[in-house]
2 protein chains.
Amino acid sequence: MDDPLYFPPRELAVMSILWRTGGATVAEVKDALEENLAYTSVLSALQTLEEKGYVTHEAEGRAYRYRALVDAEKAGDSALARVRESIFQGSAEKLFAHFVSDDKLSRSELERMRRLLADRLGDEP
Amino acid sequence: MDDPLYFPPRELAVMSILWRTGGATVAEVKDALEENLAYTSVLSALQTLEEKGYVTHEAEGRAYRYRALVDAEKAGDSALARVRESIFQGSAEKLFAHFVSDDKLSRSELERMRRLLADRLGDEP
DNA sequence: GCCATACTACGGAAGAACCCGTAGACACGA
DNA sequence: TCGTGTCTACGGGTTCTTCCGTAGTATGGC
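Scoring rules and cut-offs
Residues numbered from 1 in each chain as written. Chains lettered and ligands numbered in written order. Predicted model: local features only at pLDDT ≥ 70, side-chain atom pairs only at ≥ 80, totals over all residues. Heavy atoms only, no water. Salt bridge = Lys/Arg side-chain N within 4 Å of Asp/Glu carboxyl O. Helix = DSSP H or I, 4+ residues; strand = E, 2+ residues; numbered from the N terminus. Buried < 20%, exposed > 50% of the residue type's maximum accessible area, 1.4 Å probe, protein only. Near = heavy atom within 4 Å. Polar contact = N/O pair within 3.5 Å; in protein donor to acceptor, adjacent residues only side chain to side chain. Nonpolar A, V, L, I, M, F, W, Y, C, P; charged D, E, K, R; others polar. Phe/Tyr/Trp six-rings, centres within 6.5 Å; stacked < 30°, edge-to-face > 60°. Contact = heavy atoms within 4.5 Å. Buried area = accessible area lost by both parts, 1.4 Å probe.

Draft legend 1. Structural detail: the pattern of salt bridges. Enumeration over the complete set of coordinates arrives at 18 salt bridges over all chains. Salt-bridge contacts for K52(A) lead to E11(A); the nearest nitrogen and oxygen are separated by 2.8 Å. On the criterion of sequence distance, the pair formed by K52(A) in the loop between α3 (39–51) and β2 (55–60) and E11(A) in helix α1 (residues 9–21) is long-range, its members being 41 residues apart. A residue is classified by how much of its surface remains accessible, and K52(A), at 43% relative accessible area, is partly exposed. The class for E11(A) is buried, based on a relative accessible area of 12%. Residues participating in the shared-partner salt-bridge network are R20(A), R84(B) and E85(B).

Structure follows, in structure tokens:
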């Protein structure tokens, strides 16, 4: 097991952009962020993340391109485990039940989920 | 839509106990917490949560009994939405796929999930 | 060469989160 | 009555997070 891996809100937003893009410059991150932050604020966030070891950078022309060092899957593991544990009393089923009860899920999404679950059940004789 | 509802780690741990128990005194929260905090630290956390409006208290004997004012479902909504949005690129399916790929899920759990999903699909003709 | 532009490094302010000690109130038993 | 134990209120210290301004460096156009 690895350390629990936790990102405060703003840092998570930045990581999210790095995961989506696969790597981004400060300016790109700034543009992708919903809130309108100063350039240096974005830079600071990235430097903080780098200091923590979650991110690295390499020169690209005059600028740096930042890249995530932890992958989204790992972060997803930690986040879902935390949600399951603290909000759904440790029960994966409770989490699941709540997840699929979301009205905004389309029928086709639900059907693809059913398919996924069927596959998952099939692979374990 | 309500406000996004977010709890930093320690406060989430405290809320978790209130959700599980339905209400608890400071001493009970302290005992239930994994980390060994000073009594007053736990009290502080509860007072902070109360100030934010997530918690209330009523006298019970000489002590206060604290109770959550937001329910776990709402917190679950926010938490899952945040995870889906920032880690799984907004895709409920990606989240789901990752969720069911967890090795620690037992076959019976998975089967109960399948049932739940089937019911959910059935209720929408 | 000189200027504007784009970028990073650095430092620091302000607030949030976290943690606890001390003081005071209150009840109970000796 | 006099501790003793349990509880809350209050205040303060420390670290983390967020945010940005200033200064310095390099690049490319003129």
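Draft legend 2. Structural detail: the protein's contact with DNA strand C. For DNA strand C, the set of nearby residues contains 20 residues, the closest of which are Y39(A), Q47(A), R10(B), S41(B) and S44(B). Here, DNA strand C places atoms within 4 Å of the protein, and 69% of those atoms are sugar or phosphate. Within the backbone of A38(B), an N or O atom sits 3.1 Å from a phosphate oxygen of DNA strand C. Contact between DNA strand C and T40(B): a base nitrogen at 3.2 Å from a side-chain N or O atom of the residue. Elements with a minimum of two residues in the surface near DNA strand C: α3 and β3 (63–68) of chain A together with α1 (9–21) and α3 (39–51) of chain B. Across the surface near DNA strand C, the residue classes break down as nine nonpolar, six polar and five charged.

Draft legend 3. Geometry of the packing of aromatic side chains. For the coordinates displayed, the defined rule picks out eight aromatic pairs over all chains. Summarising the aromatic geometry, the rings of F7(A) and Y54(A) are spaced 4.8 Å apart at their centres and angled 70° between planes, so their arrangement reads as edge-to-face. Taken together, the residues span a long stretch of sequence, with F7(A) in the segment before α1 and Y54(A) in the loop between α3 and β2 at a distance of 47 residues. The same class applies to F7(A) and to Y54(A), which are both buried. With a centroid separation of 6.1 Å and an interplanar angle of 80°, the aromatic rings of F7(B) and W19(B) are classed as edge-to-face.

Draft legend 4. View of the interface of chain B and chain A. In this complex, chain B contributes 48 residues to the contact, which on the side of chain A involves 48 residues. Summing both sides of the interface, chain B and chain A together bury roughly 4,600 Å²; the carbon and sulfur share of this comes to 68%. The closest approach of N and O atoms between R112(B) and E93(A), which form a salt bridge, is 2.8 Å. Counting across the chain B and chain A interface gives 17 residue pairs in polar contact (both at pLDDT 80 or more). Those elements that place two or more of their residues in the side of chain B that touches chain A are α1, α4 (72–87), α5 (92–100) and α6 (107–122) of chain B. Of the residues in the side of chain B that touches chain A, the class split is 25 nonpolar, seven polar and 16 charged.

Function-wise, these values are silent; they only describe arrangement.
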